[in-house]
Amino acid sequence: MVAVITAGGRGTRIASVDGSVPKPMLPVAGKPVLKRQVEGLRRQGIDRIIFTIGYKGGQIRDFFGDGSLFGVQIDYIEEKEPLGTAGALYYLKDRVKEDFLLINGDLIFDVDLHRMMDFHKERHAAATLLVHPNDHPYDSGLIAAGETGQVNGWLSKEDKRGWYQNCANAGIHILSPRLLDKLDAPQKTDLDRDLLKPRIRSGEVYAYRSPEYVKDMGTPERIAQVEKDLRSGLVARKNLCRKQRAVFLDRDGTINKYVGFLRNIDDFELIDGVAERIRKINQSGYLAIVVTNQPVIARGEVTWAQLREIHDKMETLLGEKGAYVEDIFVCPHHPDRGFPGEVAEYKVDCDCRKPKPGMLLRAAERYNIDLSESWMVGDSESDMEAGRRAGCHVKRVINVR
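Numbering of residues starts from 1 in each chain and follows the order in which that chain's sequence is written. For a predicted model such as this one, the threshold for reporting local features is a pLDDT of at least 70, and the threshold for listing and counting side-chain atom pairs is 80 or more; totals across whole chains, interfaces and linings nevertheless cover every residue. Only hydrogens and water are removed before side-chain values are computed, so all heavy atoms of the structure are retained for them.

The protein is annotated in an unreviewed UniProt entry as D,D-heptose 1,7-bisphosphate phosphatase from Acutalibacter muris.

The structure is reproduced here in structure tokens:
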């Protein structure tokens, strides 16, 4: 696998820290960002790297040379003038013949890239974007995707927003070389606007949702946070090759105020203080994952689209307070028949409806979770039983209904 690292930007927002070096060469916890990236790639067996360089790129070339001192092979594409976020990829046409990684040069990350590549290949994608929730979705580019990961919407920072998925583009991509066919000359090109967004309609762009650690060096405050996370070991612990710990959260009566069967989005309201508690879970390194029975789908009272909008409202309200959930697992089933408008395919006795543990087991498989080190939190005995059957610790919350 080839990794292409874009390292040509000026980094104007971060120049106050050290304007004498290009942004990707800023030292973080005593080591330049690019060196951390190269070492991380090498640990995963990725030993061919191409840097696209521009502003003060000579410093990068002088530091890394041909890569031999770092156990990798490094080549360079030098922009004589700024070519945007994708213009320099034109020069890859004769160099790369297989799917490749494209990584922003200002990121600190620790991601199981082979797992991401497997996801990409299974879907025969033209582009796969690593996406994740974050604590500032209101000023992030956000991706909307369906259950399979196929992207169906893309909000730029400046776009008008209603309720939205907290699903931010993290700056790590896997691209097919067939995308390069659109580049006819080395000219200024925007990766998102010119290459990726036009492919959404053809169903070739996918979002790989991951809870792994990815942060950019956009502000002095983020650098300080990353240095803290590196020293505590959090960055390495979040890699999905390592066992994760999770707090599984029921939805109705645990996150939002209980109103019986919630059918109307206007009835969704966060419980006071719940965002602050979820933010503490986020900061602890545990994954916050929602597992919710929604028989209103089987009963024909709420559509999948309406449920998605309710969850978008939940993610938006949490995000406004700096909190997020990593994923939402839904059981749409109901075993009893006889409701007007019911959906026959969901009227089954499933293995995911709590108190059965199916949703927790699915989450554990997807995110490599150690259930014995995880918790189930909910407001009903059904939640507690699901947690016990999955092998989790349990904690019941008491809310006035």
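Following the structure, the description resumes.
Enquirer: Any chance you could break down the overall build of the protein for me, citing the residues and the numbers?
Expert: The number of helices and strands found in the protein is 10 helices and 18 strands. The globule rule used for comparison is 2.2 Å times the number of residues to the exponent 0.38, while the radius of gyration itself is calculated over C-alpha atoms. Relative to the 2.2 N^0.38 estimate, which gives 21 Å for 401 residues, the radius of gyration of the protein is 23 Å and therefore close to what a compact globule would have. Across its three principal directions, the C-alpha atoms of the protein cover 70 × 45 × 35 Å. Of all 401 residues assigned to the protein, the portion counted as buried reaches 55%. Contacts between residues were defined by any pair of non-hydrogen atoms, one from each residue, lying within 4.5 Å. Taking all contacts inside the protein whose residues are at least 6 apart in sequence as the whole, residues at least 24 apart take part in 72%. Per-residue accessibility takes into account occlusion by the displayed protein chains alone, with areas from the Shrake-Rupley method and a 1.4 Å probe. A total accessible area of about 18,000 Å² is found for the protein, and carbon and sulfur atoms account for 47% of it. One way to put it: in the protein the 60 positive side-chain charges average out to a point 2 Å from where the 59 negative ones average out. Numbered from the N terminus, helices here are DSSP runs of H or I no shorter than four residues, and strands are runs of E no shorter than two. Categorising residues by exposure relies on relative accessible area from a 1.4 Å probe, with only protein chains included: less than 20% of the type maximum marks a residue as buried, more than 50% marks it as exposed, and the intermediate range marks it as partly exposed. Charge assignment in this entry is limited to Lys and Arg as positive and Asp and Glu as negative, and neither His nor the chain termini are counted. Just so you know, the charge point we use is NZ for Lys, CZ for Arg, CG for Asp and CD for Glu.

Enquirer: I'd like a rundown of the pattern of salt bridges, residues and numbers included.
Expert: Salt bridge, as applied in this entry: a Lys or Arg side-chain nitrogen positioned within 4 Å of an Asp or Glu carboxyl oxygen. The full count for this structure, using the stated rule, is 26 salt bridges. A salt bridge links Lys23 to Asp106; the nearest nitrogen and oxygen atoms lie 2.9 Å apart. A residue pair is termed long-range when its members are at least 10 positions apart, and Lys23 in the loop between β1 (2–7) and β2 (27–28) and Asp106 in the loop between β6 (100–104) and β7 (107–110) qualify at 83 residues. A relative accessible area of 14% means that Lys23 is categorised as buried. Across the pair Arg388 and Glu385 runs a salt bridge whose closest N-O atoms are separated by 3.5 Å. One end of the pair, Arg388, and the other, Glu385, are both in helix α10 (residues 381–390), three residues apart, so they sit about a helical turn from each other. Residue Arg388 is classed as partly exposed on the basis of its relative accessible area of 41%. One network of salt bridges, in which partners are shared, links Glu381, Glu385, Arg388, Arg389 and Arg396.

Enquirer: Tell me about the nonpolar core, residues and numbers included.
Expert: Counting 66 residues, the largest nonpolar core has Phe51, Phe64, Ile172, Phe248 and Ile369 as its most contacted members. Looking at this core, the element that brings in the most residues is helix α9 (residues 358–367), giving five residues. Where each domain begins and ends is defined by an automated method or by a domain database. The two domains that each donate at least three residues to this core are domain 1 (2–232) and domain 2 (243–396). Among residues more than four places away in sequence, those in contact with Phe248 are Ile289, Val291, Leu360, Ala363, Ile369, Leu371, Ser374, Trp375, Met376, Val377 and Cys392. With 31 residues, the next largest nonpolar core counts Leu83, Ala126, Leu175 and Ala207 among its residues. Joining through side-chain atoms within 4.5 Å is the link that ties buried Ala, Val, Leu, Ile, Met, Phe, Trp, Tyr and Cys residues into a set, and such a set is a nonpolar core.

Enquirer: Quick rundown of the sheet that holds strand β16 (residues 327–331)? Include the residues and the values.
Expert: Being paired, for any two strands, means DSSP has found at least two bridges between them. Pairing is parallel across the open sheet formed by five strands, whose spatial order is β16-β15-β14-β17-β18. The open sheet is flanked by β16 and β18 (393–396), the only strands paired with a single partner. The mean inter-strand angle of the sheet, taken between neighbouring strand axes irrespective of direction, is 20°. Looking at chain direction, strand β14 (residues 246–249) and strand β17 (residues 375–378) are connected through three bridges and run parallel. If you follow Leu249 over to β17, its bridge partner there is Val377. Between N-to-C directions, angles span 0 to 180 degrees; the directions come from axes that are lines fitted to C-alpha atoms, helices contributing only their stretch in contact. The sheet contacts of helix α7 (residues 274–284) involve β14 and β15 (287–293), and relative to β15 the element is tilted by about 130°. Docked against the sheet, α9 engages β14, β15, β16 and β17, running at close to 145° with respect to β16.

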